[in-house]
Amino acid sequence: MVEKRFIVVTDNETRFNELNDALKSIGTSVWLHWNTDLLAQLVGSLGTDIIFIDFIGDNAEKAAELTRSLLVVYPRLWVVGFAHRADSGLILEAMRAGARDFVELQSPMDAMRTVKSILEQSPSLPAQPSGKMITMLGARPGVGTTTAAMHLSLLLKQEYLPDQPVLLLDFGYPSGDAALYLDTKVAFNFCDAVRSLRRFDQALLNTAFAHHKSGLAIMSLPQNLAELRDITPTDAMTMLSLLKSYFKVVVVDLGGFAGLDLLLYALGISDHVHLVCEQTIPSVYSARQMLGNLRDRGFDAERIGMLTGKYDTRIDMAPAQIAENLQIRLDGHLPQRTEKMIACANIGKPLLEVAPNDPYLNALRGIATTLTGVTGVRNPAQNMSVLRKMFSYA
Ligand SMILES: Nc1ncnc2c1ncn2[C@@H]1O[C@H](COP(=O)(O)OP(=O)(O)OP(=O)(O)O)[C@@H](O)[C@H]1O
Ligand SMILES: [Mg+2]
């Protein structure tokens, strides 16, 4: 049997030990303290089958609050309350907050039985949201981060996951570049979404989020970045995690985003991170600095792969050398397509509409295939007409 992992939230070591002892024959328990801003993040990154929350004495109220907020981020998480002895009022409070069960520390055998039956009922209870987040970082302004994020998200929506919700989260600065490229008006921005955190649901997503005609959802930062100061970092982080539960793929353009905490968090919950770096000394220099900063803050830079921006074989600086110098893997090249890009920008259309077979898009298709594990259906509309023809001739 796969080892089960439980998280126990309490400030009291004895209580943790008691629960740990009761459960050690079925799995490993990890102890987390209250009041950790990153609690929600840790729960996600540790991955867990069940999270136990301390409802003892004065804790009951904040335990209920924590239960509620964790379930917003991880709707399928199995929260179990615990106390020395459970009275019906306490159990009710926990259940109202969304806990699925309650155990008593003074009855370790019962606690173990309860947990075993939970695990049997639902053998795998992933705490992790099901969507994937893929983040594009820019070594410096102008290297093509937004263009890459925008086209990747569009390809994913149109050719790879046409029936699934896909979001382009445009954290680039100046705000709203991606929306401009896609000729889509974004009225509901990231801060609006964070302010709606407590009432966030599918209906809000359908009505408030901007959608490109392909169905791709787009969300930007507010025009006035000062608005970011009015939202709490924890709420912003919760929002990011939540987006992963609602969208199959979230592509994040972290181009010029300066808010370090949120940046680190977004990187932390990203499943893939690409750094766009051109074959120029300033670009490599900026990339080194950025990676140095991230490494200093404990981020594992091995998770980042390089994409050569505006790749040109004539430039005497090989991408493999750059990647080696930066000590990151090389994920691919985005060919230089200056004239095509300018032409697209001037008519306000993405390259995908103007030249669907452009080598730039083929490079991104490689990434989309790796990400989704499926081969895209190029031009679904055309395939439909082939099908229709087949049936009409039959
Ligand atoms: N592969 C490419 N070949 C040629 N030009 C490109 C390529 N990718 C992007 N560009 C052009 O480079 C310019 C900057 O692109 P983009 O806005 O995507 O970069 P960015 O890294 O997001 O910049 P910023 O930091 O300003 O947000 C745009 O004019 C875009 O059309
Ligand atoms: Mg940009």
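What counts, and where the lines are drawn
What you see as residue numbers is a count from 1 along each chain, following the sequence as written. Chain labels run from A onward and ligand labels from 1 onward, assigned in the order the entries are written. Selection of residues for local features in this predicted model requires a pLDDT of at least 70, selection of side-chain atom pairs for listing and counting requires 80 or more, and totals for whole chains, interfaces and linings are taken over all residues. To get the side-chain values, take all heavy atoms of the structure and skip hydrogens and water. Helical segments are the DSSP runs of H or I of at least four residues, strand segments are the runs of E of at least two, and each set is numbered from the N terminus. Any two residues whose heavy atoms approach within 4.5 Å are treated as being in contact. Each accessible area is a Shrake-Rupley estimate made with a 1.4 Å probe; only the visible protein chains count as cover when residues are assessed. Think of it this way: one heavy atom of a residue within 4 Å of a molecule or strand is enough to make that residue near it. For this analysis, a polar contact is any N or O atom pair within 3.5 Å, provided that within protein one partner can donate a hydrogen and the other can accept it, and provided that sequence-adjacent residues contribute only side-chain to side-chain pairs. Classification used: nonpolar for Ala, Val, Leu, Ile, Met, Phe, Trp, Tyr, Cys and Pro, charged for Asp, Glu, Lys and Arg, polar for all others including Gly. Each salt bridge in this description consists of a side-chain nitrogen of Lys or Arg and a carboxyl oxygen of Asp or Glu lying within 4 Å of one another. Type-normalised accessible area, obtained with a 1.4 Å probe on protein chains alone, sets the label of each residue: buried when under 20%, exposed when over 50%, and partly exposed for intermediate values. Here, expected helix span is obtained from the residue count minus one, scaled by 1.5 Å. In this description, a line fitted to the C-alpha atoms serves as the axis of each element, helices being fitted only across the stretch in contact, and the angle between N-to-C directions of two axes falls anywhere from 0 to 180 degrees. Each crossing gets its handedness from the near helix: less than a right angle anticlockwise from the far helix is left-handed, clockwise is right-handed. We define the nonpolar core as a collection of buried residues of types Ala, Val, Leu, Ile, Met, Phe, Trp, Tyr and Cys that are connected through side-chain atoms lying within 4.5 Å of one another. DSSP bridges decide pairing: two strands pair if at least two such bridges lie between them. Stacked, edge-to-face and tilted labels apply to pairs of Phe, Tyr and Trp rings (six-membered ring for Trp) whose centres lie within 6.5 Å, assigned for plane angles under 30 degrees, over 60, and everything in between, in that order. Each ring is checked for a lysine NZ or an arginine CZ that lies within 6 Å of its centre and within 35 degrees of its normal; such an atom marks a charge sitting over the ring.

1. So, the overall build of the protein
Phase 1: Of the regular secondary structure elements, the protein holds 17 helices and 13 strands.
Phase 2: Expressed as a percentage of contacts within the protein between residues at least 6 apart in sequence, the contacts between residues at least 24 apart total 73%.
Phase 3: About 18,700 Å² of surface is accessible on the protein, with carbon and sulfur atoms providing 52% of the total.

2. Looking at the site of ligand 1
Phase 1: Surrounding ligand 1, one finds 16 residues, the nearest of these being Thr-146, Thr-147, Tyr-181, Pro-335 and Arg-337.
Phase 2: Here an oxygen atom of ligand 1 and a backbone polar atom of Thr-145 are 2.9 Å apart.
Phase 3: Between Lys-310 and ligand 1, the recorded distance is 2.9 Å, taken from a side-chain N or O atom to an oxygen atom.
Phase 4: Going through the elements one at a time, α6 (145–160) and α14 (338–347) are the ones with two or more residues in the shell around ligand 1.
Phase 5: Ranked by the residues each element gives to the shell around ligand 1, the list is headed by α6, at 3 residues.
Phase 6: Of the residues contributing to the shell around ligand 1, the split by class is 7 nonpolar, 7 polar and 2 charged.

3. Some points on the pattern of salt bridges
Phase 1: Within this structure, the stated rule accounts for 13 salt bridges.
Phase 2: Between Arg-195 and Asp-192 there is a salt bridge; the shortest N-O distance is 3.0 Å. Of this pair, Arg-195 and Asp-192 both sit in helix α8 (residues 190–195), 3 residues apart, roughly one helical turn.
Phase 3: One salt bridge in this structure joins Arg-314 and Asp-312, with 2.7 Å as the shortest N-O distance.
Phase 4: Judged by its relative accessible area of 11%, Asp-312 is buried.
Phase 5: Residues joined in a network through salt bridges with shared partners are Asp-192, Arg-195 and Glu-227.

4. Comments concerning helix α3 (residues 59–73)
Phase 1: If you check α3, its first and last C-alpha atoms are 21 Å apart, about what 15 residues at 1.5 Å a residue would give, namely 21 Å.
Phase 2: Taken as a whole, α3 has its buried residues at Asn-59, Ala-60, Ala-63, Ala-64, Leu-66, Thr-67, Leu-70, Leu-71 and Val-73.

5. Some words on the packing of α6 against helix α16 (residues 359–372)
Phase 1: Taken N-terminus to C-terminus, the directions of α6 and α16 make an angle of 65°; their axes are 9 Å apart at the nearest point. As α6 packs across α16, the resulting crossing turns out to be right-handed. Here Thr-147, Ala-148, His-151, Leu-152, Leu-155, Leu-156, Glu-159 and Tyr-160 of α6 lie close against α16, whose contacting residues are Tyr-360, Leu-361, Leu-364, Arg-365, Ile-367, Ala-368, Thr-369, Leu-371 and Thr-372.
Phase 2: Its residues assigned to classes, the contact of α6 with α16 shows 11 nonpolar, 4 polar and 2 charged.

6. Observations concerning the nonpolar core
In summary, soluble globular proteins display a tendency toward joint burial of nonpolar side chains.
Phase 1: One finds Leu-169, Phe-190, Phe-209, Leu-240 and Leu-243 to be the most contacted residues of the largest nonpolar core, which totals 53 residues.
Phase 2: Per element, the largest residue contribution to this core is 7 residues, and it comes from helix α11 (residues 260–269).
Phase 3: Not counting residues within four places of it along the chain, the set of residues in contact with Phe-190 comprises Leu-169, Phe-171, Met-219, Ser-220, Leu-221, Ile-231, Ala-236, Met-239, Leu-240 and Leu-262.

7. Digging into the sheet that holds strand β1 (residues 4–9)
Phase 1: Taken together, 5 strands build an open sheet; the order of strands is β2-β1-β3-β4-β5 and the sheet is parallel. Lying at the two open borders of the sheet, with one neighbouring strand each, are β2 (27–32) and β5 (101–104). On average, each strand axis in the sheet is inclined to that of its neighbour by 25°, with strand direction left out of account.
Phase 2: Relative to strand β4 (residues 79–83), strand β3 (residues 50–54) runs parallel, the two sharing 4 bridges. The residue of β4 that forms the bridge with Ile-53 is Gly-81.
Phase 3: The strands that α3 touches are β1, β3 and β4; relative to β3, the one it contacts most, it runs at about 155°.
Phase 4: Across the sheet, helix α5 (residues 108–121) touches β1, β3, β4 and β5, and the angle it forms with β5 is around 155°.

8. Examining the packing of aromatic side chains
Phase 1: If you walk through the whole model with that rule in mind, you get 6 aromatic pairs.
Phase 2: A centroid spacing of 4.9 Å and a plane angle of 80° characterise the contact between Phe-171 and Phe-190, whose relative ring orientation is edge-to-face. Of the two residues, Phe-171 sits in the loop between β7 (166–170) and α7 (177–181) while Phe-190 sits in helix α8, which places them 19 residues apart along the sequence. Grouping residues by exposure puts Phe-171 and Phe-190 together as buried.
Phase 3: Judged by centre distance (5.6 Å) and plane angle (40°), the ring pair of Phe-188 and Phe-209 falls under tilted. In this pair, Phe-188 is assigned in the loop between α7 and α8 and Phe-209 in the loop between α9 (202–208) and β8 (210–211), connecting sequence segments 21 residues apart. Grouping residues by exposure puts Phe-188 and Phe-209 together as buried.
Phase 4: The rings of Phe-188, Phe-209 and Phe-247 are connected pair by pair, giving a single aromatic cluster.
Phase 5: It is Arg-100 that lies over the ring of Trp-78; its NZ or CZ is 4.0 Å from the centre.

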